[in-house]
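Spelled out from the first residue to the last, the chains are:
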Amino acid sequence: MRKTSFLFLLILAITLTSCDPSQGILFTNKGESNAKVKLIINSEVKNNQLDKMKKGDSIVFNLVPHNPEEKKGHIYFGRGRWNDENINEISKSIKSIEIENDNYKIVYKSQKAIQNLLKDNYKGIIMKSLNIKIDDSFFQKN
């Protein structure tokens with residue numbers, strides 16, 4: 001019995017550490033009012049995924065809190081793990097990020113501010129994700 005348990009745990013550990021999670025940025029509206037996220041894309045920096053998603057010069061998500069299908073906006077960048085280099089590359093592709101709800105609006109204009117937003121919301125233990133949760137407290141701390 002112990003050998004079987006050990007073997008199972010070993011296989012599980014190898015599987016979890018060898019799987020490449022998906023890289024993406026998830027915007028989730030956790031507030032009570034509608035939220036809007038607008039990413040202005042830097043046309044001078046090539047990023048295939050952002051270029052596919054943009055309309056004009058931007059990507060816009062209108063996030064409705066009480067509708068499960070509209071409370072999240074996701075940008076998928078493929079397989080792999082996030083690291084500082086990936087985050088820096090993505091932030092170079094974005095000129096600015098505007099996040100607003102009925103009460104507040106915050107604009108991240110500089111590369112450093114965009115990098116900090118992404119790095120501050122990169123969380124997890126094994127399968128780290130980049131999830132930006134938007135509610136009134138989000139605007140208070142930023």
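Let me begin by describing the structure that accompanies this report. (Residues numbered from 1 in each chain as written. Predicted model: local features only at pLDDT ≥ 70, side-chain atom pairs only at ≥ 80, totals over all residues. Heavy atoms only, no water.)

Things to note about the packing of aromatic side chains
- Scanning the model with the defined rule gives four aromatic pairs in all.
- Their ring planes at 20° and their centres at 5.4 Å tell us that Tyr-104 and Phe-139 sit as a pair that is stacked. With Tyr-104 in the loop between strand S5 (94-101) and strand S6 (105-108) and Phe-139 in helix H5 (residues 136-141), the pair connects residues that are 35 residues apart, well separated along the chain.
- For the ring pair Phe-138 and Phe-139, a centre distance of 5.4 Å and an interplane angle of 85° mean the geometry is edge-to-face. Each member of the pair Phe-138 and Phe-139 is classed as buried.
- Members of the aromatic cluster, each reached through a chain of ring pairs, are Tyr-104, Phe-138 and Phe-139. (Phe/Tyr/Trp six-rings, centres within 6.5 Å; stacked < 30°, edge-to-face > 60°. Helix = DSSP H or I, 4+ residues; strand = E, 2+ residues; numbered from the N terminus. Buried < 20%, exposed > 50% of the residue type's maximum accessible area, 1.4 Å probe, protein only.)

Regarding the nonpolar core
- The biggest cluster of nonpolar side chains holds 28 residues, and the ones touching the most others in it are Phe-27, Leu-39, Ile-99 and Ile-134.
- The residues touching Leu-39, leaving out its near neighbours within four places in the chain, are Phe-27, Asp-57, Ser-58, Ile-59, Phe-61, Ile-75, Ile-94, Ser-96 and Ile-97. (Core = buried A, V, L, I, M, F, W, Y, C linked by side-chain atoms within 4.5 Å. Contact = heavy atoms within 4.5 Å.)

A closer look at the pattern of salt bridges
- For the structure on display, the rule yields four salt bridges.
- Glu-98 serves as the salt-bridge partner of Lys-105, at 3.8 Å between the closest nitrogen and oxygen.
- One network of salt bridges, in which partners are shared, links Lys-46, Asp-51 and Lys-54. (Salt bridge = Lys/Arg side-chain N within 4 Å of Asp/Glu carboxyl O.)

Re a positive patch on the surface
- On the surface, Lys-30, Lys-72, Lys-123, Lys-133 and Lys-141 cluster together to form a positively charged patch.
- Assignment of secondary structure puts Lys-30 in the loop between strand S1 (22-29) and strand S2 (35-41).
- Overall, Lys-30 belongs to the partly exposed group, its relative accessible area being 47%. (Patch = residues over 30% accessible without salt bridge, like charges linked within 9 Å, V, L, I, M, F, W, Y side chains within 5 Å. Areas by Shrake-Rupley, 256 points an atom, 1.4 Å probe, with all protein chains shown as cover. Lys, Arg positive; Asp, Glu negative; His and termini not counted. Charge placed at Lys NZ, Arg CZ, Asp CG, Glu CD.)

What to know about the pairing of S1
- Most of S1 is tucked away: seven of the eight residues are buried.
- Where S1 meets strand S4 (residues 72-79), seven bridges bridge the pair, whose relative direction is antiparallel. Looking at the pairing, Ile-25 lines up with Ile-75 of S4.
- Inspection of the sheet shows S1 paired to strand S8 (residues 129-134) by five bridges, in the parallel sense. Residue pairing for S8: Leu-26 is matched across the bridge by Asn-131. (Pairing = 2+ DSSP bridges.)

Topic: the environment of Asn-101
- Of note, Asn-101 is situated in strand S5.
- Linking Asn-101 and Asn-62, residues 39 residues apart in sequence, is a C-alpha distance of 9.8 Å.
- When neighbours within four sequence positions are excluded, Asn-101 is seen to be in contact with Ser-33, Asn-34, Ala-35, Asp-136 and Phe-139.
- For Asn-101, the side chain forms a polar contact with the main-chain nitrogen of Tyr-104, separated by 2.8 Å. (Polar contact = N/O pair within 3.5 Å; in protein donor to acceptor, adjacent residues only side chain to side chain.)

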